[in-house]
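Per-entry structural report
This is what each chain is made of:
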Amino acid sequence: MKLEGGCYCGAVRYLAEGEPTLKAQCHCRECQYVTGGGPNYFMMMPTGGFRYTKGAPKAFTRSDLERPVTREFCAECGTHLVTRPPGMPLLVLKVGTLDDPTLFEGPQVAIYAVDKQPFHLVAEGLPTFERLPG
Ligand SMILES: [Zn+2]
Ligand SMILES: [Zn+2]
């Protein structure tokens with residue numbers, strides 16, 4: 001796949017090439033902060049196929065966690081674009097930042113149901129995990 005996208009104001013643009021290794025909706029408490037309260041829809045993409053084509057994001061990593069992720073977002077408009085888990089050749093790409101979000105085609109799994117709110121929706125029959133699959 002060749003996925004193009006960027007932030008709300010257009011200052012930061014990216015190109016993500018490769019096959020998604022996971023398409024999911026995440027209900028964790030952290031994702032609720034960056035989505036507005038709902039689950040976060042994302043695709044895991046290979047880091048090697050990802051690059052910024054315009055502008056550069058600001059990065060944020062919490063200092064009080066043992067294995068914190070790094071979140072990259074537009075410093076102008078605040079749109080959260082990707083998350084980089086430590087020590088993995090994959091990044092978490094937020095579906096809402098794609099030029100064409102229909103390319104997502106929907107999640108394969110729901111994860112971190114442990115933090116799910118009563119008003120969150122999970123499609124009937126979608127495999128759901130308390131935390132991560134496996
Ligand atoms: Zn922006
Ligand atoms: Zn999450």
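Please refer to the structure higher up on the page.
Small disclaimer: the values here were computed from a predicted structure and weren't measured.

About the criteria used
Residues numbered from 1 in each chain as written. Chains lettered and ligands numbered in written order. Predicted model: local features only at pLDDT ≥ 70, side-chain atom pairs only at ≥ 80, totals over all residues. Heavy atoms only, no water. Helix = DSSP H or I, 4+ residues; strand = E, 2+ residues; numbered from the N terminus. Rg over C-alpha atoms; globule rule 2.2 N^0.38 Å. Phe/Tyr/Trp six-rings, centres within 6.5 Å; stacked < 30°, edge-to-face > 60°. Buried < 20%, exposed > 50% of the residue type's maximum accessible area, 1.4 Å probe, protein only. Lys, Arg positive; Asp, Glu negative; His and termini not counted. Salt bridge = Lys/Arg side-chain N within 4 Å of Asp/Glu carboxyl O. Contact = heavy atoms within 4.5 Å. 1 Å grid on protein atoms, 1.4 Å probe; cavity = no way out; pocket = protein on both sides within 12 Å on 5 of 7 lines; lining within 4 Å. Points joined across faces, edges and corners; volume = space filled by probe spheres on them. Nonpolar A, V, L, I, M, F, W, Y, C, P; charged D, E, K, R; others polar.

The subject of this paragraph is the overall build of the chain. For the chain, the count of helices and strands is 1 helix and 10 strands. The secondary structure elements of the chain, listed N-terminal to C-terminal, are β-β-β-α-β-β-β-β-β-β-β. Whereas a compact globule of 134 residues would reach a radius of gyration of roughly 14 Å, the chain reaches 14 Å, a difference of no more than 12%. Projected onto its principal axes, the C-alpha coordinates of the chain cover approximately 40 × 35 × 25 Å.

So, on to the packing of aromatic side chains. A complete count under the given rule lists 3 aromatic pairs for this structure. Each ring, one from Y41 and one from F104, has its centre 6.0 Å from the other, and the planes form 65°; the classification is edge-to-face. Taken together, the residues span a long stretch of sequence, with Y41 in strand 4 (residues 40–46) and F104 in the loop between strand 9 (90–94) and strand 10 (109–111) at a distance of 63 residues. Judged by relative accessible area, which is 6%, F104 ranks as buried. Members of the aromatic cluster, joined through ring pairs, are Y14, F50 and Y52.

On to the side chain of R71. Relative to the helices and strands, R71 resides in strand 7 (residues 70–73). The buried charged residue R71 lacks any salt bridge partner; its closest oppositely charged side chain belongs to E30, at an N-O distance of 5.9 Å. Among residues more than four places away in sequence, those in contact with R71 are E30, K58, A59, F60, H80, V82 and T83.

What follows concerns the layout of surface pockets. Here the largest pocket is characterised by a volume of approximately 990 Å³. Lining the largest pocket we find 32 residues, and of these C28, E30, V69, R71 and T83 sit closest to its centre. Taken together, the elements giving at least two residues each to the lining of the largest pocket come down to strand 3 (22–26), helix 1 (29–35), strand 4, strand 6 (58–61), strand 7 and strand 8 (80–84). Top contributing element to the lining of the largest pocket by residue count: helix 1, with 5 residues. Within the lining of the largest pocket, the residues separate by chemical class into 21 nonpolar, 5 polar and 6 charged.

A few words now on the pattern of salt bridges. Using the criterion set out here, one finds 4 salt bridges in the structure. Salt-bridge contacts for D99 lead to R13; the nearest nitrogen and oxygen are separated by 2.8 Å. Taken together, the residues D99 in the loop between strand 9 and strand 10 and R13 in strand 2 (residues 13–17) connect sequence positions 86 residues apart. Given the relative accessible area of 25%, R13 is considered partly exposed. In this structure, K23 and E105 form a salt bridge, with 3.4 Å as the shortest nitrogen-oxygen distance. Of the two residues, K23 is situated in strand 3 and E105 in the loop between strand 9 and strand 10; the sequence distance between them amounts to 82 residues. According to the relative accessible area criterion, K23 is buried, its value standing at 13%. Judged by relative accessible area, E105 falls into the exposed class, the value being 69%.

Take it as geometry only, folks, not as evidence of what the structure does.
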